[in-house]
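Okay, here's what each chain looks like letter by letter:
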Amino acid sequence: MPDNRNGKQAGKIGPGRMVLVVGPSGAGKDTLILALRERLKDRRDVHFARRAITREADPNAEDHDTLSRAEFDRLTVSDEVALSWEAHGLGYVIPKSCDDIIRSGGTVIANGSRSILARAAEKYENALVLLITAPVEVLAERLAARGRESREEILERLNRADLEPENIGNLIRIENTGTIEAAVDEMMKALGLDF
């Protein structure tokens, strides 16, 4: 409900914004987040959330903090997180400190999940979603290059997957089929940031 004094949503965190980068496996989210971080390294008003995950760190995957299942449960039950979710048997946390950054007017960019988009829209005055995606055939090629599944298994899984979130406001679709630089340019444009 709007606050009559300033037109803002009562109880929502702002005036900064939460930017969630989401998309299917193989879309290139991690690569684009790293490239965007490099492009914005001198911006003091933009912060990249460091997630905590209930798995050990892997040098070949996302750099993250590790927490136990018990710690994940404690943090989420006591609401000591900005956002949290579970996927593929793992718990994910965006730290509570991100809320303070948003309260001070900063932008937080986080590797998110489609499962928390509605919650983010409820919690933040300014929640933006960058959906990184590519055609199913391109996703399948990228996933096949990882060597974990056969191409047929991957195509079957992708054809069953819900690759496009529905009924999500402030969603900007970035098709990652060109160069990294071109996709980061699109992200910068979506964020309204100077090149």
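Description of the structure in this document. (Residues numbered from 1 in each chain as written. Predicted model: local features only at pLDDT ≥ 70, side-chain atom pairs only at ≥ 80, totals over all residues. Heavy atoms only, no water.)

## Let's talk about the environment of Arg146
Argument step 1. Of note, Arg146 is situated in helix α5 (residues 136-146).
Argument step 2. For the pair formed by Arg146 and Gly26, sequence separation is 120 residues and the distance between their alpha carbons is 9.3 Å.
Argument step 3. When near neighbours in sequence (up to four residues on either side) are disregarded, Arg146 contacts Ser25 and Gly26. (Helix = DSSP H or I, 4+ residues; strand = E, 2+ residues; numbered from the N terminus. Contact = heavy atoms within 4.5 Å.)

## A word on the sheet that holds strand β8 (residues 127-133)
Argument step 1. In space, the five strands of this open sheet follow the order β2-β7-β1-β8-β9, with parallel pairing throughout. A strand with exactly one partner marks an edge of an open sheet, and here the two such strands are β2 (46-48) and β9 (171-175). Strand-to-strand, the axes of this sheet are offset by a mean angle of 20 degrees, without reference to chain direction.
Argument step 2. Relative to strand β7 (residues 107-111), strand β1 (residues 17-22) runs parallel, the two being bridged by five bridges. When the bridges of β7 are listed, Val19 appears paired with Ile109.
Argument step 3. Across the sheet, helix α1 (residues 29-39) is in contact with β1, β2, β7 and β8; its angle to β7 comes to roughly 155 degrees.
Argument step 4. Strands in contact with helix α7 (residues 180-191) are β1, β7, β8 and β9; relative to β8, the strand with the most contacts, it is inclined by about 160 degrees. (Pairing = 2+ DSSP bridges. Axes fitted to C-alpha atoms, helices over the stretch in contact; angles between N-to-C directions.)

## Quick notes on the pairing of β8
Argument step 1. Within β8, seven of the seven residues are buried, leaving the element largely enclosed by the surrounding structure.
Argument step 2. Burial along β8 is two-sided: Ala127, Val129, Leu131 and Thr133 and Leu128, Leu130 and Ile132, pointing in opposite directions, are all buried.
Argument step 3. In this structure, β1 lies alongside β8, joined through five bridges in parallel fashion. When the sheet's bridge partners are listed, Val21 is paired in β8 with Leu130.
Argument step 4. Relative to β9, β8 is paired through five bridges, and the arrangement is parallel. Residue pairing for β9: Val129 is matched across the bridge by Leu171. (Buried < 20%, exposed > 50% of the residue type's maximum accessible area, 1.4 Å probe, protein only.)

## Thoughts on the environment of His47
Argument step 1. In this structure, His47 sits in strand β2.
Argument step 2. In this structure, the C-alpha to C-alpha distance between His47 and Thr107, residues 60 residues apart in sequence, is 6.1 Å.
Argument step 3. Discounting chain neighbours no more than four positions away, the residues touching His47 are Ile101, Thr107, Val108 and Ile109.

## Examining the pattern of salt bridges
Note on pairing: side chains with opposite charge can pair once their charged atoms come close.
Argument step 1. Evaluation of the coordinates by the stated rule reveals 12 salt bridges.
Argument step 2. A salt bridge links Glu80 to Arg74; the shortest N-O distance between them is 3.2 Å.
Argument step 3. With relative accessibility at 38%, the residue Glu80 sits in the partly exposed group.
Argument step 4. One salt-bridge network, in which partners are shared between bridges, spans Arg69, Asp73 and Glu86. (Salt bridge = Lys/Arg side-chain N within 4 Å of Asp/Glu carboxyl O.)

## Details of the side chain of Arg51
Argument step 1. When you line up the elements, Arg51 lands in the loop between β2 and β3 (52-53).
Argument step 2. Looking at Arg51, its side chain comes within polar contact range of the main-chain oxygen of Asn111, at 3.1 Å. (Polar contact = N/O pair within 3.5 Å; in protein donor to acceptor, adjacent residues only side chain to side chain.)

## A few points about the sheet that holds β3
Argument step 1. Strands sit in the order β4-β3-β6-β5 across an open sheet of four strands; the sheet is mixed. In this open sheet, the two edge strands, each paired with only one partner strand, are β4 (65-66) and β5 (81-87).
Argument step 2. Of the strand pairs in this sheet, β3 and strand β6 (residues 90-95) are connected by two bridges, and their pairing is antiparallel. Within β6, the residue paired with Ile53 across the bridge is Tyr92.
Argument step 3. Its contacts with the sheet put helix α2 (residues 69-77) on β5 and β6, and the angle it makes with β5 is roughly 130 degrees.

So, to be careful, I would describe these as geometric facts and stop short of saying anything about function.
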